[in-house]
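# Working through the structure, step by step
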Amino acid sequence: MPAPGVHGRKRIVALLFLFCAVIFGLMGRLAYWQFYKGEELAEKGRDIRAFEAPVRAPRGAIVDRHGRPLAESQTAWAVSANPREVKDAATEAARLAPILGLPASEIQKKLQQRQSYVYIRRKASDQQYQQIRTLKDQKLLPGINLEPEAKRYYPEGTLAAHVLGIAGLDNQGLEGLEWYYDTELKGKNGSIEVERDARGYEIAGGEKRVVPPEPGHTAVLCVDKALQLILEQAADRAKAVTQSKRVALIVMDVPTGCILAMTSRPSFDPNQFGNTEAKDRRMWLVTDAVSPGSIFKPVTTSAAMEEGLVTLQTPFNDPG
């Protein structure tokens, strides 16, 4: 085979230079993405894979002046799902519906969503938990999860209901002292962060970070539980005897201004506040402008005595 001519050698050298240029260009581009942009891309990858689940802080209790509980937190269950792991949405919805008391169509719609986390039911009871747990042990509910969560519980029912107020689904204060001291009671939520793949499955050996929650503070009231019970019984009797639409009573320690007991009627059960109209949950004794009535008579009498207009023996004719 004859040796390449001058033109042939030039073409070979040109191709060699072109080949080397392409190789060095690719190497430079690879170095750019690996070293200059590497940390930024790795951070973006972690953000895409990261899945953060909140861990709610236990809400602080509310107790009376002697430490007896008036409001506290108990464990309930959240029924959630990863729709990407659900194999048969219609079948699983039909199994969950009679347990949770929800329409099967509503559950099925949630199980067919294109995301990795949805709530099916919040604050499920222990009985509902046990029934779902049994089905999960039988491998009949893939993709359905049970998570512990806190619910607000008022052990004395209607006792001091207007004073305490209510806390909502996520244990946020909505009314009464639950609302006023919400920042102190709610604590600080924590979180669990894990890495998941494109289908929503946890990556084995992936990064996992746990931030523990900080529990809320306990609120100690001036209220005396025993005195509050006596006052509420008196309010019920007064309402029954007078046939009044509203009744309100307060017991105050005058030297300190501490409210030892306070109640109004009509009342409600904060454990079932959803069954009560908003107007019946309102503490009108505090929020409304109320005429002082006979309560103000000692003030005017004291003023008259101070000015020397009347004495302790001065008669008054009260026709009623």
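Preceding block: the structure.
Residues numbered from 1 in each chain as written. Predicted model: local features only at pLDDT ≥ 70, side-chain atom pairs only at ≥ 80, totals over all residues. Heavy atoms only, no water.

## Digging into the overall build of the protein chain
This is how the line gets drawn: Under the DSSP-based scheme used, a helix requires at least four consecutive residues in state H or I and a strand at least two consecutive residues in state E, with every element numbered from the N terminus. In what follows, a contact means two residues having at least one pair of non-hydrogen atoms within 4.5 Å. The Shrake-Rupley method, run with a 1.4 Å probe, gives the accessible areas here. Residue values count only the displayed protein chains as cover. Neither His nor the chain ends contribute to the count of charged residues, in which Lys and Arg are positive and Asp and Glu negative. Working definition for charges: the position is that of NZ of Lys, CZ of Arg, CG of Asp or CD of Glu.
For the protein chain, the count of helices and strands is twelve helices and twelve strands. With the C-alpha coordinates aligned to their principal axes, the bounding extent of the protein chain is approximately 145 × 55 × 30 Å. Contacts spanning at least 24 positions in sequence make up 67% of the contacts within the protein chain whose residues lie at least 6 apart. Carbon and sulfur atoms make up 58% of the accessible area of the protein chain, which amounts to about 20900 Å² in all. Positive and negative side-chain charges of the protein chain, numbering 42 and 38 respectively, have mean locations separated by a distance of 10 Å.

## What about the packing of helix 3 (residues 89-100) against helix 5 (residues 126-137)?
Selection rule: Orientation is described by axes fitted as lines to C-alpha atoms, over the contacting stretch for helices, and by angles from 0 to 180 degrees between their N-to-C directions. Oblique is the label for any angle not under 35 degrees, not over 145, and not in the 65 to 115 range, which are roughly parallel, roughly antiparallel and roughly perpendicular in turn. For a crossing to be left-handed, the near helix must be turned anticlockwise from the far one by less than a right angle; the clockwise case is right-handed. When residues are sorted by character, Ala, Val, Leu, Ile, Met, Phe, Trp, Tyr, Cys and Pro go into the nonpolar class, Asp, Glu, Lys and Arg into the charged class, and all the rest, Gly among them, into the polar class.
The geometry of helix 3 relative to helix 5 is characterised by a closest axis approach of 10 Å and an angle of 160° between their N-to-C directions. The orientation of helix 3 relative to helix 5 falls into the category roughly antiparallel. As for how helix 3 packs across helix 5, the hand of that crossing is right-handed. In this structure, helix 3 uses Arg95, Leu96, Ile99 and Leu100 to contact helix 5, whose residues at the interface are Gln128, Gln131, Ile132 and Leu135. Residues of the contact of helix 3 with helix 5, tallied by class, amount to five nonpolar, two polar and one charged.

## Considering helix 9 (residues 225-242)
This is how it is decided: Given the number of residues in a helix, its expected span is that number minus one, multiplied by 1.5 Å. Categorising residues by exposure relies on relative accessible area from a 1.4 Å probe, with only protein chains included: less than 20% of the type maximum marks a residue as buried, more than 50% marks it as exposed, and the intermediate range marks it as partly exposed. Of all possible arcs, the one meant is that of the directions from the helix axis to the C-beta atoms.
Relative to the 26 Å expected for 18 residues at 1.5 Å per residue, helix 9 spans 26 Å between its end C-alpha atoms, a close match to the ideal helical length. Along helix 9, the residues classified as buried are Lys225, Gln228, Leu231, Glu232 and Ala235. Take helix 9 and look down its axis: the buried residues cluster within an arc of 115°, on one side only. Exposed and oriented more than 90 degrees from the buried face of helix 9 are Ile230, Arg237 and Val241.

## Some details on the nonpolar core
Worth spelling out the cut-off: For our purposes a nonpolar core is just a set of buried Ala, Val, Leu, Ile, Met, Phe, Trp, Tyr and Cys residues, chained together by side-chain atoms within 4.5 Å.
Core analysis: the largest hydrophobic core is formed by 22 residues, its most contacted members being Val79, Leu100, Ile107, Leu111, Ile120 and Ile132. For this core, the elements supplying multiple residues, two or more each, are strand 3 (69-81), helix 3, helix 4 (104-111), strand 4 (118-124), helix 5 and strand 5 (144-153). Top element by residues in this core is helix 3. It accounts for six residues. If we ignore the near neighbours within four places in the chain, the residues touching Leu111 are Ala81, Pro83, Val86, Ala89, Glu92, Ala93, Ile120 and Ile144. Counting 15 residues, the second largest nonpolar core, distinct from the first, contains Ile62, Leu164, Ala167 and Ala219.

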